[in-house]
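# Inside the fold
Each chain, letter by letter, is given below.
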Amino acid sequence: MKYSKEDKPERAAGAGAGSRAVPVALVVIVLCAFSFYLGGVYSTGRSLLDAIQPGPTLLTLGTTTTLHSSSDQPHPSPSTAAAIAFPECPADFQDYTPCTDPKRWRRYGNYRLSFMERHCPPPPDRQQCLVPPPKGYKPPIRWPKSKDQCWYRNVPYDWINSQKSNQHWLAKDGDRFRFPGGGTMFPNGVGAYVDLMAALIPGMRDGTVRTALDTGCGVASWGGDLLGRGILTVSLAPRDNHEAQVQFALERGIPAILGIISTQRLPFPSAAFDMAHCSRCLIPWTEFGGLYLLEIHRVLRPGGFWVLSGPPINYENRWHGWNTTAQAQKADFDRLKKMLAAMCFKLYNMKGDIAVWQKLPDGAAGCYDKLTPVTTPAKCDDSVDPDAAWYVPMRSCVTAPSAKYKKLGLGTTPKWPQRLGVAPERINVVPGSSAGAFKQDDAKWKLRAKHYKALLPALGTDKIRNVMDMNTVYGGFAASLVKDPVWVMNVVSSYGPNSLGVVYDRGLIGVNHDWCEAFSTYPRTYDLLHLDGLFTAESHRCEMKFVLLEMDRILRPTGYAIIRDSTYFLDSVAPIAKGMRWSCEKRSTENKADKDKVLICQKKLWAGKQ
């Protein structure tokens, strides 16, 4: 629409001109004020929706509805909080594992069993419901009794019991499962099996060997036995037709995660473990050019041990029970030895059903110097970080020990428990880190752990066994709990500085993970989840609702969450926690002047309506 001079209002003084000028001025003032308001909103990191809605309130840890806080300031009544209601998932979701869901396996290829790897549902397919416990579920048996028994109704799976009863993995006894410590390759019990292994590897008895990886772990009896010997094991098994190997392990209070050696690297840094183990785990070690052995080589510390029992070890006496021939097993054993030698392993010891190889340290016999990009196997180039392990394809090359580390190998690393408090060499490759920062972090977490125990008296007792630190840096929280009857799974963000190597160098365990996705575990497998600034760090990528729903999935009923973050994020957690049937209480940190606060939450035990 065009305007002419004649259409414009006159500026001469008069009632008409004055009445038109006042609204224009008001509009300008309102727009300026609103612009200033928006600037204030966005400068705090809050969305416009957050600014408009009333601030959420918090539930208490108990059964009352009175809000408790370390502050004396008045708060609105909890009844005014607008809780987000979440429905219950169907009853058949009681063992739901979103990223390793058998219902979705047909969508993926069969090549090297890659369908068993992580395949997370796209955002539109994410479940927004509460995973119900099995009928008759009750709080787990406490450690250390749980190592030998668990409630049947908590893991009500009979297939593994019927199929493995002759191998004494577990046995149903009334209302519980018992774990007699049997296994395919240790008919005399896991204790006798590990005794023989320790005789072959003296480092298992003097603190030299501290961290171990068990591939194809069964119900994790090997890892459970090693706990009593001061060796911390990550037990690994896929979600397969054995139904719930990893869930049995965690129900017992033994560290374990869902995983498989297939096409992707395991979620660990290079040179992480002092020892790796396979007891007839059915992994085809000599196929695909020894690709799976190369992954074991990557995650083993220089000087670390790889232990194998089962085919083709002791084939002279065992071949007739393996549905094969002695000649075929001998050929497989010769091929295995040749491959391992080419990868810079040496046969360290062998007796009976157990064979032990040792990964050569850097410069040993010049083995790594003989490898080039064109040898078989090839030597890895510098194009891929050897510590990168989140959705990184495995490579058919040898990861040689880095010449810049002098104390990374087994034997040069301090023995356990001294290594826990020593700043590792790898601290220098973590951006913003140093030996001084490491010491300060250690001291900080000792104070924080003491404060947490005052807020949550169950921490440090047998009421809490399985603990996860959801976003650690150096494993300081885990180190502060090392004398308590707990183990801690340290999670390092796959999108932040990769400090997981430092965690392992200290003699602790952990994984890389992205909290925008589900964790590789079964429901109800952790007693305590700890978050330190996770929402502040990841809110730009991960939706808080889905992170909290995932926490609810993996947290045991009556389990706890310690959420340390800014007041804004803690207030945002409240309506979601209320909708998940959690009770929460906001408290001050150990430093009352700190702007961050601590939210102590407990998940209720409820029975599914279905």
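If you check an unreviewed UniProt entry, the chain appears there as Methyltransferase from Urochloa decumbens. Under the heading Sequence similarities (unreviewed entry), UniProt records this for the chain: "Belongs to the methyltransferase superfamily."

This part is about the overall build of the chain. Of regular secondary structure, the chain possesses 15 helices and 19 strands. For the chain, the residues scored as buried account for 55% of the 610 residues in total. Within the chain, contacts between residues at least 6 apart in sequence are counted, and of these 69% link residues at least 24 apart. Here the chain displays about 27300 Å² of accessible surface, and carbon together with sulfur accounts for 55% of that area.

What follows is about the packing of aromatic side chains. According to the stated counting rule, one finds 22 aromatic pairs in the structure shown. With a centroid separation of 6.0 Å and 70° between ring planes, the pair formed by Phe179 and Phe248 is classed as edge-to-face. One end of the pair, Phe179, is in the loop between strand S3 (176-178) and helix H4 (190-200); the other, Phe248, is in helix H6 (residues 245-252), with 69 residues separating them in the sequence. Across the pair, Phe248 and Phe179 agree in class, each one buried. Ring geometry for Phe268 versus Tyr504: centroids 6.3 Å apart, planes at 80°, classification edge-to-face. Highlighted residues: Phe268 in the loop between strand S6 (256-258) and strand S7 (273-279) and Tyr504 in helix H12 (residues 500-505), separated in sequence by 236 residues. Each of the two residues, Phe268 as well as Tyr504, counts as buried. Grouping aromatic residues by their ring pairs yields a cluster made of Tyr152, Phe177, Phe179 and Phe248. If you follow Arg126 out to its NZ or CZ, it ends over the ring of Phe546, 4.8 Å from the centre. Here the guanidinium or amino end of Arg210 rests over the ring plane of Trp416, the centre of that ring lying 3.6 Å away.

Next up on the list: the state of the cysteines. Taken as a whole and assessed by the stated rule, the structure comprises seven disulfides. Between Cys584 and Cys601 runs a disulfide, and the two sulfur atoms are separated by 2.2 Å. Around the S-S axis, the bridge from Cys584 to Cys601 shows a dihedral of about 110° and counts as right-handed. In this pair, Cys584 is assigned in strand S18 (residues 582-588) and Cys601 in strand S19 (residues 596-603), connecting sequence segments 17 residues apart. For the pair formed by Cys584 and Cys601, the shared burial category is buried.

Quick look at the confidence of the model for the chain now. Within the chain, residue pLDDT values average 86, and 84% of them lie at 70 or more. Across residues 1-24, confidence stays below pLDDT 50; counting only partners more than four residues off in sequence or on other chains, it has two contacts. A low-confidence stretch, residues 36-80 stays under pLDDT 50, and its non-local contacts, those more than four residues away or across chains, total 63 contacts.

Judged by nonpolar contacts, the single largest core of 129 residues is most densely connected at Leu213, Phe248, Phe268, Trp285, Trp306, Trp357 and Met551. In contact with Phe268, not counting residues within four places along its chain, are Leu213, Val234, Ile257, Phe273, Arg298, Val299, Asp387, Ala389, Leu500, Tyr504, Gly510 and Val511. Within the second largest apolar cluster, 20 residues are counted, among which are Val190, Leu200, Met204 and Met275.

A word on unusual backbone geometry. Geometrically, the link from Pro311 to Pro312 is a cis peptide bond, its omega value of 0° lying close to zero. Mapping Pro312 onto the fold places it in the loop between strand S8 (300-309) and helix H8 (315-318). Across the junction of Trp416 and Pro417, the peptide omega takes the value 10°, indicating a cis bond. Checked against the element boundaries, Pro417 lands in the loop between strand S12 (397-398) and helix H10 (435-455). Of note, Ala220 is a non-glycine position whose phi angle comes to about 65°, a positive value. Note that Ala220 resides in the loop between strand S4 (211-215) and helix H5 (221-227).

Another point: the pairing of strand S5 (residues 232-237). Of all six residues in S5, six are buried; the element is thus mostly enclosed. Sheet topology places S4 next to S5; five bridges connect them, and they run parallel. Residue pairing in the sheet places Thr211 in a bridge with Leu232 of S5. With H5 bridging S4 and its parallel neighbour S5, the resulting β-α-β unit is right-handed. Pairing of S5 with S6, which is carried by three bridges, proceeds in the parallel orientation. Bridge pairing in S6 places Ala237 opposite Leu258.

With that settled, consider the sheet that holds S4. Spatial strand order, S6-S5-S4-S7-S8-S10-S9: seven strands in an open sheet with mixed pairing. On the outer flanks of this sheet lie S6 and strand S9 (345-351), each paired with one strand and no other. Adjacent strand axes in the sheet meet at a mean angle of 20°, parallel and antiparallel pairs treated alike. Summarising the sheet, S9 and strand S10 (residues 354-359) pair through six bridges and their orientation is antiparallel. Bridge pairing in S10 links Phe345 to Lys359. Lying over the sheet, H6 contacts S5 and S6, oriented at roughly 155° with respect to S6.

Inspection of the entire model under this criterion finds 37 salt bridges. For Glu517, the salt bridge identified is with Arg118, shortest N-O distance 2.8 Å. Of the two residues, Glu517 sits in the loop between strand S15 (509-513) and strand S16 (526-532) while Arg118 sits in the loop between helix H2 (48-52) and strand S1 (149-151), which places them 399 residues apart along the sequence. A residue is classified by how much of its surface remains accessible, and Glu517, at 21% relative accessible area, is partly exposed. Close ionic contact of Lys586 with Asp571 constitutes a salt bridge, the shortest N to O distance being 3.3 Å. Residue Lys586 is located in strand S18, and its partner Asp571 is located in helix H15 (residues 567-579); the two are separated by 15 residues in the primary sequence.

Burial analysis of H6 places eight of its eight residues in the buried class, the great majority of the element. Looking only at H6, the buried set comprises Gln245, Val246, Gln247, Phe248, Ala249, Leu250, Glu251 and Arg252.

Turning next to the sheet that holds strand S14 (residues 487-493). Here seven strands make up an open sheet; going across it, the order is S15-S14-S13-S16-S17-S19-S18 and the pairing mixed. The open sheet has two free edges, formed respectively by S15 and S18, since each of these has just one partner strand. For this sheet the average axis-to-axis angle between neighbouring strands, irrespective of direction, equals 20°. With seven bridges connecting them, strand S17 (residues 555-566) and S19 associate as antiparallel partners. Within S19, the residue paired with Arg564 across the bridge is Val598. Helix H14 (residues 544-554) rests against strand S13 (466-469), S16, S17, S18 and S19 of the sheet, and its axis sits at about 145° to S17.

Rules behind the numbers
- Residues numbered from 1 in each chain as written.
- Predicted model: local features only at pLDDT ≥ 70, side-chain atom pairs only at ≥ 80, totals over all residues.
- Heavy atoms only, no water.
- UniProt positions renumbered as here; feature names shortened; annotations may be inferred.
- Helix = DSSP H or I, 4+ residues; strand = E, 2+ residues; numbered from the N terminus.
- Buried < 20%, exposed > 50% of the residue type's maximum accessible area, 1.4 Å probe, protein only.
- Contact = heavy atoms within 4.5 Å.
- Areas by Shrake-Rupley, 256 points an atom, 1.4 Å probe, with all protein chains shown as cover.
- Phe/Tyr/Trp six-rings, centres within 6.5 Å; stacked < 30°, edge-to-face > 60°.
- Lys NZ or Arg CZ within 6 Å of the ring centre and 35° of its normal.
- Disulfide = S-S within 2.5 Å.
- pLDDT = per-residue confidence, 0-100.
- Core = buried A, V, L, I, M, F, W, Y, C linked by side-chain atoms within 4.5 Å.
- Pairing = 2+ DSSP bridges.
- Right-handed = clockwise from strand over helix to strand, strands pointing away.
- Axes fitted to C-alpha atoms, helices over the stretch in contact; angles between N-to-C directions.
- Salt bridge = Lys/Arg side-chain N within 4 Å of Asp/Glu carboxyl O.

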